[in-house]
Amino acid sequence: MIKIEGLAILLKTFSLTDLHIEIEEGEFHFLLGPTGSGKTLILESIIGLHKPKKGKIWIGEKEVQNLPPEKREISYVPQDLALFPHLSVRENILYGIKAKNHSLKNYDKYVDSLIQVMRVGHLLDRYPANLSGGEKKRVALLRALAPKPKLLLLDEPLSGLDPSIKYEIQQLLKTLHTSLHPTVLCVSHDFEEAFLMGDKMTVFINGNVEQVGTRDDVFLKPRTKQAAQFLGLRNLYRGKIFGKEDHVERSFIDINGLRFSIPKGACQSKMDSGREIDLYIRPEEVMILREGKSVKESLKRNIFIGNIIDIANRGRHHSVFFQDGEGKISFEISIPNYAFRNLDLSIDKQVTVALRDESFWVME
Amino acid sequence: MTFRYTMIGAAICIFIFYFGLLASLLFSTSLTGFWESLAHPSTLFSIRLSLIAATLATFLAVLIGLPAAYALSRFQFRGKQIVDVFLEIPIIMSPIALGASFLVFFNTPLGEVIQRKGIFFVFEFPGILLAQFATIAGLTTRLMKASLDEISPRYEAVARSLGSSSWQAFYRVTLPLTFRGLLASVILSWAKAAGEFGATVTLAGAMPGKTETMPIAIFTALASANIEKAIVLVLILLILGLVALYAVRLTGKLYRYD
């Protein structure tokens, strides 16, 4: 297991006070944060290029924060890849094994299998200047994995690629992770990347860890509004708790004078009356009710009548923007294309929407 | 178009100015006189002395300049800005002033001890080395720093994460990548050392057969109205300089990876 405990970095341009990350063996862990939040500096401190002010780093049982980079058994793929331009692809790949004075024979089979998975067999005698963007990424990944590091650090592995190559590298990383199970810490500002590839993630904003959790934890249950905003979540509202229905374990929340009945499971902490909270309404859990169709009892708690104010075709689904009749709240509803067609929706059409219990998430 | 012609005209003027100057040298010498002056033992001595001294001075300047350039390019340390400014001392200071400073230094107690117990510099061959070294060390460091600055430190970071020590990362990755830049710096430094006059003549004097380098020999030839010898030496220095410049251009073509 990789453990980073209380890491503090103090540089002229950047400071970080207390970073904790735990990564299980074979886990693909994302460190997610906005551009310019110092993610690369964190990676460079983990490698050992900057001396942390405080904190400990364990690689397995070994404490490494005082070791030089070459003794840490961490491979690094920087954003610009830094393939050695004066070495052929083959020499690049074998660099780590040779630098560690390991016998190439012991790595033969492993490196061959990597070359196959990465489909770089035909590139071995070329030089990096003669490779395409996708090929360079594959070679850089292979070079990092060849010496069997205990931790692989990736810095924005999919940034700056054309969509088709991005998809290819994404699939490759997935295949690689499924077949070889390397332990990976990947920094990125792209939450979609993290959602598609990460097992677990640490959300890091303004020098603070906002949330650590599995992919579903983070995306479905953001801990704070800052985390939710960074993750690109819409439908975030400021509200106030004003009462409880204890026998059914529910609370009422007031948003702009509208009342929402929220189940206990949608809250992380105690729902004390009078407390101000941030509410997230999950767009994909809101239903647009078909006219004349009976409504389940459980849905009747949060029903609103209003109009469609805008519609956006998102390709795989539609986003319908709803505003209640009194103009007190508007939110986005995400519906599958077939449902959109069946409901015959258009701008200004009056609709009735029901918010399932799963629609709500109350943040700290 | 007037703008374009004005600019190109200026470029051509500069070319004519220098070319005319060089052509006048060729006009003023005859082939037999040229060979006689060239074959003269004192001329050959000056050429040999200049080549040896410039090569040794450049070697010394690289020996200290390369690690210093690396430090200035890669590390943050207290006083870095001051060190950087001091590299330009030989550029802003007149060479004669530099040579005079050495003469003053060798008259201080420390200077006298160095001369008595170590190496004698004043009016001796080591004096030539010291004067040339002093003139080029700052330049060599500055040029090498510029070429190291062009190589992303990320290469070394990756090399180190892959298991190389900082020394190994330097000679396996940074050094080959910056080789042509470093080579160009060495050639330019060497050419500058070979042409050095002011500091050398002040510190090592102008003793024929002992400390008379090519530029000093030009000066003494002119002083004794030996125009033929002066022209030969000027042409040789010029050829050496042009070869050096051409070599610098060639290094740009070698080792180009991207």
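This one's a predicted model, so the numbers in the text were calculated from it and none came from an experiment. Just so you know, the residues in each chain are numbered from 1, in the order the chain's sequence is written. In the order they appear in the text, chains get letters beginning with A and ligands get numbers beginning with 1. For this predicted model, a pLDDT threshold of at least 70 governs which residues receive local features, and a threshold of 80 or more governs which side-chain atom pairs are given and counted, while totals over whole chains, interfaces and linings are taken from all residues. Only hydrogens and water are set aside; all other atoms, that is, all heavy atoms of the structure, feed into the side-chain values.

Novice: Looking at this structure, how should I read the overall build of chain B?
Specialist: In DSSP terms, a helix is any run of H or I states spanning at least four residues, a strand is any run of E spanning at least two, and both are numbered starting from the N terminus. Counting its regular elements, chain B contains 13 helices and zero strands. Reading chain B from its N end, one meets helices and strands in the order α-α-α-α-α-α-α-α-α-α-α-α-α. C-alpha extents for chain B along the principal axes are approximately 65 × 65 × 35 Å. Every residue pair with non-hydrogen atoms within 4.5 Å of one another is taken to be in contact. Residue pairs in contact within chain B that sit at least 24 positions apart in sequence constitute 75% of those at least 6 positions apart. Working definition of accessibility: Shrake-Rupley area with a 1.4 Å probe, residue cover restricted to the visible protein chains. For chain B, the accessible surface area stands at approximately 14,300 Å², while carbon and sulfur atoms represent 73% of it. Asp and Glu are treated as the negative residues and Lys and Arg as the positive ones, with His and the ends of the chain left uncounted. Throughout, a charge is located at the NZ atom of Lys, the CZ atom of Arg, the CG atom of Asp or the CD atom of Glu. Across chain B, 19 positive and 12 negative side-chain charges occur, with their mean positions spaced 9 Å apart.

Novice: It is not clear to me how the overall build of chain A should be interpreted in this structure. Could you clarify?
Specialist: Check the secondary structure of chain A and you find nine helices and 20 strands. Structurally, chain A occupies a C-alpha span of about 75 × 45 × 35 Å along its principal axes. Within chain A, the fraction of its 364 residues that count as buried is 52%. Carbon and sulfur atoms make up 47% of the accessible area of chain A, which amounts to about 17,300 Å² in all. Across chain A, the 51 positively charged side chains and the 48 negatively charged ones have centroids separated by 3 Å. Each residue gets one of three labels from its accessible area relative to the maximum for its type: buried under 20%, exposed over 50%, partly exposed in between, using a 1.4 Å probe on protein chains only.

Novice: Honestly, the interface of chain B and chain A in this entry has me stumped. Any pointers?
Specialist: The parts lose accessible area when they come together, and the size of an interface is often stated as this lost area. Contact with chain B, which involves 20 residues of that partner, is made by 26 residues of chain A. Buried area is calculated as the accessible area (1.4 Å probe) missing from two parts once they are joined, with the contributions of both summed. Summing the contributions of chain B and of chain A, the shared interface buries around 2,000 Å²; its carbon and sulfur component is 62%. Together, B:Arg154, B:Ser161 and B:Leu162 form the three largest contributors to the area buried by chain B at its contact with chain A, with a combined 34%. Take a side-chain nitrogen of Lys or Arg and a carboxyl oxygen of Asp or Glu: if they are within 4 Å of each other, that pair is a salt bridge. At the boundary of chain B and chain A, one finds three salt bridges.

Novice: What's the story with the confidence of the model for chain B in this structure? I'm lost.
Specialist: Any residue range with low pLDDT should be treated as having predicted coordinates unsuitable for detailed reading. All names here are of chain B. Each residue carries a pLDDT score, the predictor's own confidence in it, on a scale running from 0 to 100. When pLDDT is averaged along chain B, the result is 90; 97% of the residues meet or exceed 70. Confidence scores differ between elements of chain B, with helix H2 (residues 31-39) showing the lowest mean pLDDT of 83 and helix H3 (residues 41-74) the highest of 95. Of the two predicted TM-score estimates for the complex, the pTM is 0.80 and the ipTM is 0.79.

Novice: Looking at this structure, I do not really get the sheet that holds strand S4 (residues 54-59) of chain A. What am I missing?
Specialist: Sheets are built from strands that pair by backbone hydrogen bonding, the pairs being arranged parallel or antiparallel. All names here are of chain A. At least two DSSP bridges between two strands are required for those strands to pair. Overall, antiparallel pairing links the four strands, which are arranged S2-S1-S4-S5 in an open sheet. Only two strands of the sheet have a single neighbouring strand rather than two, namely strand S2 (15-23) and strand S5 (62-63). As paired elements, strand S1 (residues 2-10) and S2 share six bridges and run antiparallel to each other. Within the sheet, the bridge partner assigned to Leu10 lies in S2 and is Ser15.

Novice: Please clarify how the sheet that holds strand S18 (residues 330-336) of chain A should be interpreted in this entry.
Specialist: Residues and elements named next belong to chain A. Spatial ordering of the open sheet is given by S15-S19-S16-S17-S18, a layout of five strands whose pairing is antiparallel. Each having just a single partner strand, strand S15 (286-289) and S18 make up the two edges of the open sheet. When strand polarity is set aside, the average angle formed by the axes of neighbouring strands in this sheet is 45°. Taken together, the four bridges between S15 and strand S19 (residues 350-355) define a ladder with antiparallel strand orientation. Bridging from a neighbouring strand, Leu289 pairs with Thr352 of S19. Note on method: axes are straight lines fitted to C-alpha atoms, helices fitted across the in-contact stretch only, with angles between N-to-C directions ranging 0 to 180 degrees.

Novice: How should I be thinking about the packing of H2(B) against H3(B) in this particular structure?
Specialist: Residue and element names in this part refer to chain B. Contact pair H2 / H3: the axes reach a minimum separation of 5 Å and the direction vectors enclose 65°. Between H2 and H3, the angle falls in the class roughly perpendicular. The segment H2 lies against H3, with Ser37, Leu38 and Ala39 engaging Pro41, Thr43, Leu44 and Ile47. For this classification, the nonpolar set comprises Ala, Val, Leu, Ile, Met, Phe, Trp, Tyr, Cys and Pro, the charged set comprises Asp, Glu, Lys and Arg, and every other residue, Gly included, is treated as polar. Counted by class, the contact of H2 with H3 contains five nonpolar, two polar and no charged residues. Orientation labels follow simple angle bins: below 35 degrees gives roughly parallel, above 145 gives roughly antiparallel, 65 to 115 gives roughly perpendicular, and whatever is left gives oblique.

Novice: Looking at this model, I keep getting lost on the confidence of the model for chain A. Mind explaining?
Specialist: Of the residues in chain A, 99% reach a pLDDT of 70 or more, and the chain-wide mean stands at 88. Mean pLDDT values over the elements of chain A span from 83, in S2(A), up to 94, in helix H2 (residues 89-99) of chain A.

Novice: Please clarify how the pairing of strand S6 (residues 74-77) of chain A should be interpreted in this entry.
Specialist: Working note: regular strand, side chains alternate between the two faces of the sheet. Residues and elements named next belong to chain A. Of the two faces of S6, the one lined by Ile74 and Tyr76 and the one lined by Ser75 and Val77 are each fully buried. Strand direction decides the pairing type here: S6 and strand S7 (residues 151-155), joined by four bridges, are parallel. Across the sheet, Tyr76 pairs through a bridge with Leu153, a residue of S7.

Novice: Could you clarify how one ought to interpret the pattern of salt bridges in this entry?
Specialist: Pairs can form between side chains of opposite charge once their charged atoms are near each other. Counted by the stated rule, this structure contains 25 salt bridges over all chains. In this structure, the salt-bridge partner of A:Asp80 is B:Arg154, at a minimum N-O distance of 3.7 Å. Pair noted here: A:Asp80 is in the loop between S6 and H2 and B:Arg154 is in helix H9 (residues 153-161), and the two residues belong to different chains. Its relative accessible area of 25% is what places B:Arg154 among the partly exposed residues. For A:Glu332, the salt bridge is made with A:Arg234, and the minimal N-O distance between the two is 2.4 Å.

Novice: Looking at this structure, I do not really get the nonpolar core. What am I missing?
Specialist: For soluble globular proteins, nonpolar side chains are generally found buried alongside one another. We call a set of buried Ala, Val, Leu, Ile, Met, Phe, Trp, Tyr and Cys residues a nonpolar core when their side-chain atoms join them within 4.5 Å. Ranked by size, the top nonpolar core spans 52 residues in total, and within it A:Val77, A:Ile93, A:Val111, A:Met118, A:Val120 and A:Leu154 carry the most contacts. Those residues within four positions of A:Ile93 in sequence are excluded, and the remaining contacts are A:Val111, A:Val120, A:Leu124, A:Val139, A:Leu142, A:Arg143 and A:Ala146. Among the nonpolar cores identified, the runner-up in size contains 39 residues, and A:Ile46, A:Ile59, A:Ala82 and B:Ala157 belong to it.

Novice: How should the side chain of A:Glu27 be read in this particular structure?
Specialist: Residues and elements named next belong to chain A. Inspection of the secondary structure puts Glu27 in the loop between S2 and strand S3 (28-32). The buried charged residue Glu27 lacks any salt bridge, with Lys200 as its nearest oppositely charged partner at 4.7 Å. In protein, a polar contact means a hydrogen-donor-capable atom and an acceptor-capable atom, both N or O and within 3.5 Å, with residues adjacent in sequence counting only if both atoms are side-chain atoms; elsewhere, any N or O pair within 3.5 Å suffices. Side chain to side chain, Glu27 and His29 meet in a polar contact 2.8 Å long.

Novice: Looking at this structure, how should I read the packing of aromatic side chains?
Specialist: Any aromatic ring pair is given by two values, namely how distant the centres are and how the planes are angled relative to each other. Think of it this way: a Phe, Tyr or Trp ring, Trp meaning its six-membered ring, pairs with another when their centres are within 6.5 Å, and the plane angle makes it stacked under 30 degrees, edge-to-face over 60, tilted otherwise. Counted according to the given criterion, the structure contains 17 aromatic pairs over all chains. Where A:Phe260 meets A:Phe360, the ring centres are 6.0 Å apart and the plane angle is 75°; that geometry is what we call edge-to-face. Taken together, the residues A:Phe260 in strand S13 (residues 258-263) and A:Phe360 in strand S20 (residues 360-363) connect sequence positions 100 residues apart. Here A:Phe260 and A:Phe360 have matching classes, each one buried. Aromatic side chains B:Phe197 and B:Phe219 sit 5.4 Å apart centroid to centroid with 50° between the ring planes, which places their arrangement in the tilted category. Of this pair, B:Phe197 sits in the loop between helix H10 (166-194) and helix H11 (198-204) while B:Phe219 sits in helix H12 (residues 214-223), placing them 22 residues apart in sequence. The class for B:Phe197 is partly exposed, based on a relative accessible area of 26%. Since its relative accessible area comes to 47%, B:Phe219 is described here as partly exposed. Ring pairing ties together the aromatic residues B:Phe102, B:Phe105, B:Phe106 and B:Phe121, which thus form one cluster.

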